[in-house]
Each structure stands twice: as C-alpha cells, then as structure tokens.
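# Coordinates in review
Each chain is listed here by its residues.
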Amino acid sequence: MTEKMRSVREVVQLTGITARTLHYYDEIGLLKPAAVTEAGYRMYGDAALSRLQTILLFRELEFPLKEIKAILDSPDFDVSEALSQQIRLLELQYKHLGELIAFTREIQNKGVAAMRFDVFDRSEIAQYEAEVKARWGGTRAYQEYRQRKAARNGDGSRMAEELTAMFSQLGELKHLRPDGDEVQRRIAALQKWITGSCYVCTNEILSGLGEMYVCDERFRSSIDRAGGDGTADFVKQAIAVYCGRQESGTRG
C-alpha cells in the first residue's frame, strides 16, 4: 500500500499549526519533509507526522525547540519511553493545576485567611523535566547522574544550597564583564562542582547548560532569585566565553 503524502496545507489543516511553523521546523532541522516536489512543495509522510506529534507533545510541556531536537535526535531515543515520560509530566502538571484551582476556590469562598505559597511550588515538575532532559541529552552523563543521585541518599538539599550559593556569588559579579578573570574563575568552579556532584561536565555539556539557564523559564527564575535579576543571562554569557576559550586553547 502506497504511503499517503500530505502537503503543508494538509498538515496545517490536520494539526492546526501554521505553515510558517512547519517551514521553521524544516529550517532548523527539527522536522524535515519526506520529499520536496520539483515545484518546491514540501510533502510529509507518516513518519514525519509521528515525529511532529511528539514535537507538539513536548511543546505542550514547554520544552524549548533546541532541547526537543536533541531528544528526538538522540541515538537511543525510544518513543514508548518518551510517551511514558510525557504522561508522567502531564500528570504532575494536572496535579499542580488541581491544587491551584482548589486554592483559588478557597480564596473565593472564604477570603485569604492565611498566606500560602506551597501551591505555587513547581520543583517536582522541574526536577522530573531535568531528568528527562538528562536522559536524552547524553547517555553516559545520565547514567553518572543516576548513580551519584542514588549514592547521595537524600543529600539533595545540601547540593541545592551549594548551587544556589554559587549563582548568588556570580550574581554579585554582574557589574563586571563576563570575560573578567574573577567571573571566569567562578565558571570554572561551577564546572568543577557539577563534575564532582552530578556527572562529568564537559565544555559541550556546560555550554548546553548555559543555554538552558536562559531558555527554560524555571531555571532562569531560580537563578535570578539566587543572584538577582539578570543573573541567568550573565551566567550564560560567561559560560559562552569560558567554553570559547577552552575550545580555542584545545585547537591551539
């Protein structure tokens, strides 16, 4: 049986996304058409539509496009495992939303009798998302992360405090240039800490973390809370300088 091929217009009608979105996905290598006609029209087969469905699920979970591409392009990507992870994340979000609804109704019915902020806590969701990203971001790093996490036996709070302190210190240096010596020493210390506490943090992984610190709103918010507004952007710039210098030194 011949596979049905769909045009951009048909995919737009089927999924509700825009033609511009499809073109952009093609440009960045996230979703390539199965074929392009002589007239230049993109055509999509079942495999492309299946990949698009996975992309849209991850987008609903607010994953950045760059991270979605890394996940789908991972050599050990497993659709079944990814669906299980997506279901778990949706369940966590559903639980979080239910708690917010209940809290809001309580305010509506009774007024604000006491201040509560626990219902706004998304740390469980953020932690699971981080594990999903680590799972597909690099098998070796993920395995190290899981092994060290198991060995820590609940020492996560101390690690969180240490990491928060490092971002706080970096925030105090925002008045300096990202390529300044003191700033660069702090970035080297951050890389060393990640290697000692989580997994071997190569320059490539560190560079990816720098991007995630600003692309993922939850990471950005946490880092900015630790070091003040703009800390996440500052750290990303400093990491870019650090990794660029490391790469130049290797080539030299």
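Conventions and cut-offs
- Per chain, residues are indexed from 1 in the order of the written sequence.
- It should be noted that, the model being predicted, local features are given only for residues of pLDDT at least 70 and side-chain atom pairs only at 80 or more, the latter also being counted only at that level, while totals for whole chains, interfaces and linings use all residues.
- Side-chain descriptors were evaluated using all non-hydrogen atoms of the structure, hydrogens and water having been removed beforehand.
- The way it works is that DSSP assigns letters per residue, a run of H or I at least four long becomes a helix, a run of E at least two long becomes a strand, and they are numbered from the N terminus.
- What makes two residues a contact is simply this: any of their non-hydrogen atoms within 4.5 Å.
- A 1.4 Å probe and the Shrake-Rupley method give the accessible areas. Residues count as covered only by the protein chains that appear here.
- Side-chain rings of Phe, Tyr and Trp (the six-membered ring for Trp) are treated as a pair once their centres are within 6.5 Å; stacked means planes under 30 degrees apart, edge-to-face means over 60, and tilted covers the remaining angles.
- Throughout, exposure labels follow a simple rule: accessible area from a 1.4 Å probe, protein chains only, divided by the maximum for the residue type, with under 20% read as buried, over 50% as exposed, and the rest as partly exposed.
- In what follows, salt bridge is the name for a side-chain nitrogen of Lys or Arg lying within 4 Å of a carboxyl oxygen of Asp or Glu.
- Note: two strands are recorded as paired if DSSP finds a minimum of 2 bridges between them.
- Each axis is a line fitted through C-alpha atoms, and for a helix only the stretch in contact is used; angles between axes span 0 to 180 degrees, taken between their N-to-C directions.
- Any angle from 65 to 115 degrees is called roughly perpendicular, while one under 35 is roughly parallel, one over 145 is roughly antiparallel, and all others are oblique.
- Ten residues, namely Ala, Val, Leu, Ile, Met, Phe, Trp, Tyr, Cys and Pro, are considered nonpolar, four, namely Asp, Glu, Lys and Arg, are considered charged, and the remaining ones, Gly among them, are considered polar.
- By definition, the arc is the one covered by directions from the helix axis to the C-beta atoms.

Here we come to the overall build of the protein. Within the protein, the secondary structure is distributed over twelve helices and three strands. Long-range contacts, defined as pairs at least 24 residues apart, comprise 63% of the intrachain contacts of the protein with a sequence gap of at least 6. Summed over all atoms, the accessible surface of the protein reaches about 15,300 Å², with 52% contributed by carbon and sulfur.

What follows deals with the packing of aromatic side chains. All told, the structure shown has two aromatic pairs when counted by the stated rule. Judged by centre distance (5.4 Å) and plane angle (85°), the rings of F167 and Y213 are edge-to-face. In this pair, F167 sits in helix α8 (residues 156-171) while Y213 sits in helix α10 (residues 203-215), placing the two residues 46 residues apart along the sequence. Classification of Y213 by relative accessible area gives buried; the value is 5%. Here the aromatic rings of Y213 and F219 are separated by 6.3 Å at their centres, their planes lie at 40°, and the arrangement is tilted. Here the aromatic residues F167, Y213 and F219 are joined through ring pairs into a cluster of three or more.

Moving on, we come to the pattern of salt bridges. Opposite charge on two side chains allows them to pair when their charged atoms are near. By the definition in use, this model includes ten salt bridges. Between K32 and D26 there is a salt bridge, with the nearest N and O atoms lying 3.0 Å from each other. We classify D26 as buried; its relative accessible area is 10%. Of the charged contacts in the structure, one is a salt bridge between R185 and E182, with a shortest N-O distance of 2.8 Å. Residue R185 and its partner E182 are located together in helix α9 (residues 181-197), separated by three residues, close to a single helical turn. Since its relative accessible area comes to 51%, R185 is described here as exposed.

This part takes up the sheet that holds strand β3 (residues 42-44). Strand order across the open sheet formed by three strands is β1-β3-β2, with antiparallel pairing between neighbours. Whereas interior strands pair on both sides, the edge strands pair on one side only; in this sheet they are β1 (6-7) and β2 (35-36). When β1 meets β3, the two strands line up antiparallel, connected through two bridges. Directly across from R6, in β3, lies its bridge partner Y44.

What follows is about the packing of α10 against helix α11 (residues 217-227). Between α10 and α11, whose axes approach to 5 Å, the crossing angle comes to 90°. Taken together, α10 and α11 sit at an angle that is classed as roughly perpendicular. Contacts from M212, Y213, V214 and C215 in α10 reach E217, F219, R220 and I223 in α11. Among the residues making up the contact of α10 with α11, the classes are represented as six nonpolar, no polar and two charged.

Within the secondary structure, D224 is located in helix α11. Ignoring anything within four residues of it in the chain, the contact list for D224 reads D229, G230, T231 and A232.

Along an α-helix, residues three or four apart share an orientation, since each turn contains 3.6 residues. Along helix α2 (residues 19-27), the residues that are buried comprise L22, Y25 and D26. Taken around the axis of α2, the buried residues stretch over an arc of 100°, which confines them to a single face. For α2, the exposed residues set more than 90 degrees away from the buried face come down to R20 and E27. On its buried side, α2 packs onto α1 (8-15), β3, α3 (46-60) and α4 (65-72). Once α2 finishes, G29 follows within two positions and takes phi at roughly 80°, a positive value.

Treat this as a map of the structure, not an account of what it does.
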